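Chain residues, written in single-letter form:
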Amino acid sequence: MPAEESFYQKIYEVVRRIPEGKVTSYGAIAEFLGRKGSARMVGYAMNNSHNQLVPVPAHRVVNRNGLLTGKHHFNPPELMAQLLENEGVTVIDDKVQDFNQVFWNPK
DNA sequence: TTGCTGACCGACG
DNA sequence: CCGTCGGCCAGCA
């Protein structure tokens, strides 16, 4: 049996599954991992995403409102919205437009 | 082991 | 509309 993966690894794995032009929410990932209500863990894991050897598209993860709450952790902060728009996701005032249409549920 | 932190969410007034 | 609080729990000093 393979070595047991940390929750962080599982989170990163889910985030990598997000297709281009799609986004998901912290709560959705937390719920998918069976830790519904602990969306904080997802965000906290994202903070460590830079520590991963494999790139993690953290810019595709937004909060429940479709707001780019984690943009301040990017360098530069505008990069998050720019990456999303580069993939076809419209971002206005740090908020994802047509959120229900670009929302991707892990499964 | 204990205590603190946090890129969230929902409820309350 | 706005601020505040509780809950959730892995990681770290």
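Each value, and the rule that gives it
- Residues numbered from 1 in each chain as written.
- Chains lettered and ligands numbered in written order.
- Predicted model: local features only at pLDDT ≥ 70, side-chain atom pairs only at ≥ 80, totals over all residues.
- Heavy atoms only, no water.
- Helix = DSSP H or I, 4+ residues; strand = E, 2+ residues; numbered from the N terminus.
- Buried < 20%, exposed > 50% of the residue type's maximum accessible area, 1.4 Å probe, protein only.
- Areas by Shrake-Rupley, 256 points an atom, 1.4 Å probe, with all protein chains shown as cover.
- Lys, Arg positive; Asp, Glu negative; His and termini not counted.
- Charge placed at Lys NZ, Arg CZ, Asp CG, Glu CD.
- Core = buried A, V, L, I, M, F, W, Y, C linked by side-chain atoms within 4.5 Å.
- Contact = heavy atoms within 4.5 Å.
- Axes fitted to C-alpha atoms, helices over the stretch in contact; angles between N-to-C directions.
- Parallel < 35°, antiparallel > 145°, perpendicular 65-115°, else oblique.
- Nonpolar A, V, L, I, M, F, W, Y, C, P; charged D, E, K, R; others polar.
- Near = heavy atom within 4 Å.
- Polar contact = N/O pair within 3.5 Å; in protein donor to acceptor, adjacent residues only side chain to side chain.

**Focus on the overall build of chain A**
Moving on, step 1. Counting secondary structure elements, chain A contains five helices and four strands.
Moving on, step 2. For chain A, the α and β elements follow one another from N to C terminus as α-β-α-α-β-α-β-β-α.
Moving on, step 3. When the backbone C-alpha atoms are referred to their principal axes, chain A occupies close to 45 × 25 × 20 Å.
Moving on, step 4. A buried classification covers 38% of the 107 residues belonging to chain A.
Moving on, step 5. When the accessible surface of chain A is summed, it comes to about 6900 Å², and 49% of that surface belongs to carbon and sulfur atoms.
Moving on, step 6. Within chain A, the 11 negative side-chain charges are centred at a point lying 8 Å from the centre of the 12 positive side-chain charges.

**As for the nonpolar core**
Moving on, step 1. Counting 28 residues, the largest nonpolar core has Ile11, Val15, Ile29, Met46, Leu68 and Val96 as its most contacted members.
Moving on, step 2. Only helix H1 (7-16), helix H2 (26-32), helix H3 (39-47), strand S2 (61-62), helix H4 (78-86) and helix H5 (99-102) provide two or more residues apiece to this core.
Moving on, step 3. Setting aside its immediate chain neighbours within four residues, Val15 contacts Ile29, Met46, Val56, Pro57, Ala58 and Val61.

**Description of the packing of H1 against H3**
Moving on, step 1. Their axes nearest at 10 Å, the elements H1 and H3 cross at an angle of 85 degrees. Classified by the angle their axes make, H1 and H3 are roughly perpendicular. Residues Tyr8, Ile11, Tyr12 and Val15 of H1 form the contact with H3, whose own contacting residues are Met41, Val42, Tyr44, Ala45 and Met46.
Moving on, step 2. Along the lines of polarity and charge, the residues of the contact of H1 with H3 split into nine nonpolar, no polar and no charged.

**Observations regarding the protein's contact with DNA strand B**
Moving on, step 1. Taken together, 16 residues sit near DNA strand B, with Arg40, Met41, Gly43, Met46 and Arg64 positioned nearest.
Moving on, step 2. Within 4 Å of the protein, the contacting atoms of DNA strand B are 42% sugar and phosphate, with bases supplying the remainder.
Moving on, step 3. Between DNA strand B and the protein, one listed contact pairs a base nitrogen with a side-chain N or O atom of Tyr26 at 3.5 Å.
Moving on, step 4. The separation between a base nitrogen of DNA strand B and a polar main-chain atom of Gly43 is 3.2 Å.
Moving on, step 5. Considering each element in turn, the surface near DNA strand B owes the most residues, seven residues, to H3.
Moving on, step 6. The residue inventory of the surface near DNA strand B, partitioned by class, reads seven nonpolar, seven polar and two charged.

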